[in-house]
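# Summary of the model geometry
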Amino acid sequence: MLNIYGLTRKQLEDYFESIGEKKFKAQQVFEWLYQKKESDFDKFSNIKKDVIEKLKTDFTNNKIKIIRKQSSTDTYKYLFELEDKNYIEAVVMVHNYGNSICVSSQVGCNMGCAFCESGRLKKVRNLESHEMVLQILKIEEDINVRISHVVLMGIGEPFDNYDNVISFINIINDNNGIALGSRHITVSTCGVVPKIKEFTNYDKQVNLAISLHAPNNEIRDKLMNINKAYKIEELMDSIKDYIKVTNRRVTFEYIMLQGINDTKDCAIELSNLLKGMNCYVNLIPYNETSHIEFKKSSQKTILEFYDILKKNNINVTIRREFGSKVSAACGQLRANFEEGL
Ligand code: SAH
């Protein structure tokens with residue numbers, strides 16, 4: 001049975017038409033689920049009893065379960081249990097401009113980035129779109145806040161689960177649904193080039209972030225397996241094309257690893273690589289984890305790196321560190337329940 005939270009409005013309209021009902025019922029159902037936050041089909045008071053019975057036989061409304069919540073000043077980390085007893089995590093960060101959620105897209109991850117904790121558990125399966133939608137709804141309900149920004153930067157590679165991720169975005173962006181503005185939604189990829197190409201033709205103004213982390217193939221090959229499949233040149237070509245077609249600015253994420261990718265030469269090489277592109281670079285202080293030997297760059301090194309990029313007219317920011325106290329920072333989320341405790 002399909003979960004009702006995994007259907008786009010279009011899919012729900014098609015469903016109603018297929019059972020001989022008016023399309024606009026889809027809008028009504030969306031309003032119940034996402035605006036009135038009502039999941040019990042029996043409470044859909046503007047929908048006829050026989051249609052409700054039909055909904056009950058065709059869809060489930062099961063939700064994912066919050067198993068544990070940890071919080072520090074500006075961060076909440078949630079551990080969820082899925083229906084098949086797999087586990088995922090999501091994080092909410094409180095900013096002055098609103099609340100952003102970092103959503104997971106897979107159980108485990110196969111990308112095998114050398115520095116990342118989340119990928120130590122290999123991919124078990126893709127998340128269904130309802131499992132992504134429900135990360136938002138459950139957390140909103142739990143802390144009674146409205147989430148204003150969504151980043152697909154939790155566990156998993158969104159472009160290794162493309163179709164479900166696109167459905168998820170269509171659902172949360174829908175005006176009759178959670179109505180999150182597309183400019184408030186960001187997809188992050190380690191560089192799955194064919195999907196960047198597909199995403200170039202996606203009709204919503206969603207932000208794209210690329211986990212670059214190195215200015216050349218030699219270093220990137222050592223850090224990220226994906227670079228063996230798609231070299232930096234090919235990656236950059238696909239991004240330039242994306243910018244040309246969409247006229248949108250791309251974010252490059254760059255974690256600062258001591259002695260690996262943080263030298264002055266790297267900063268110069270990165271500046272040359274990105275020169276003239278409509279982009280900005282987010283320098284991310286590396287979050288050290290006990291299983292992985294990489295060290296974070298010193299504050300001084302990060303600032304010097306930043307200065308070189310600035311001097312070369314590259315837009316650059318240094319990411320504020322969130323959530324390290326509760327292991328909720330980038331790359332520290334995991335799908336391994338026992339270890340997560
Ligand atoms: N797979 C996607 C989505 C994950 S986003 C992607 O790679 O973009 C998570 C981000 O955190 C990625 O940029 C990832 O490279 C980065 N990251 C992983 N481990 C980290 C760590 N220990 N410290 C800081 N950032 C990390």
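Scroll up to find the structure this text is about.
Below is a summary of the structure that appears in this document.

## As for the pattern of salt bridges
Following the criterion strictly, the structure yields 23 salt bridges and no others. Linking aspartate 58 and lysine 54 is a salt bridge whose minimum nitrogen-to-oxygen distance equals 2.9 Å. Pair noted here: aspartate 58 and lysine 54 are both in helix α3 (residues 49–58), with a separation of 4 residues, about one helical turn. Judged by relative accessible area, aspartate 58 falls into the partly exposed class, the value being 25%.

## Details of the nonpolar core
Considering soluble globular proteins, one finds that nonpolar side chains tend to be buried as a cluster. With 102 residues, the main nonpolar core has Leu12, Phe115, Ile136, Phe168, Phe199, Phe252 and Val281 as its most contacted residues. Once residues lying within four places of it in the same chain are set aside, the contact partners of phenylalanine 252 are Ile210, Leu212, Met236, Ile239, Leu274, Met277, Cys279, Tyr280, Val281 and Asn282. If you look at the next biggest cluster of nonpolar residues, it comprises 6 residues, including Cys102, Val151, Ile155 and Leu333.

## What to know about the site of the ligand
Around the ligand sit 20 residues, and of these Ser188, Ser211, His213, Tyr286 and Asn287 come closest. Threonine 189 places a main-chain nitrogen or oxygen 3.4 Å from an oxygen atom of the ligand. Serine 211 is positioned such that a nitrogen or oxygen atom in its side chain is 2.6 Å from an oxygen atom of the ligand. Of all the secondary-structure elements, those providing two or more residues to the shell around the ligand are β10 (185–189) and β12 (250–256).

## Here's the deal with the environment of isoleucine 52
Checked against the element boundaries, isoleucine 52 lands in helix α3. Residue classification places isoleucine 52 among the buried positions, given a relative accessible area of 2%. Once the C-alpha coordinates of isoleucine 52 and leucine 212 are considered, the two residues, 160 residues apart in sequence, prove to be 48 Å apart. In contact with isoleucine 52, other than residues within four places in its own chain, are Phe41, Asp42, Phe44 and Ile47.

About the thresholds
Residues numbered from 1 in each chain as written. Predicted model: local features only at pLDDT ≥ 70, side-chain atom pairs only at ≥ 80, totals over all residues. Heavy atoms only, no water. Salt bridge = Lys/Arg side-chain N within 4 Å of Asp/Glu carboxyl O. Helix = DSSP H or I, 4+ residues; strand = E, 2+ residues; numbered from the N terminus. Buried < 20%, exposed > 50% of the residue type's maximum accessible area, 1.4 Å probe, protein only. Core = buried A, V, L, I, M, F, W, Y, C linked by side-chain atoms within 4.5 Å. Contact = heavy atoms within 4.5 Å. Near = heavy atom within 4 Å. Polar contact = N/O pair within 3.5 Å; in protein donor to acceptor, adjacent residues only side chain to side chain.

All quantities given are derived from atomic positions and should not be read as evidence of function.
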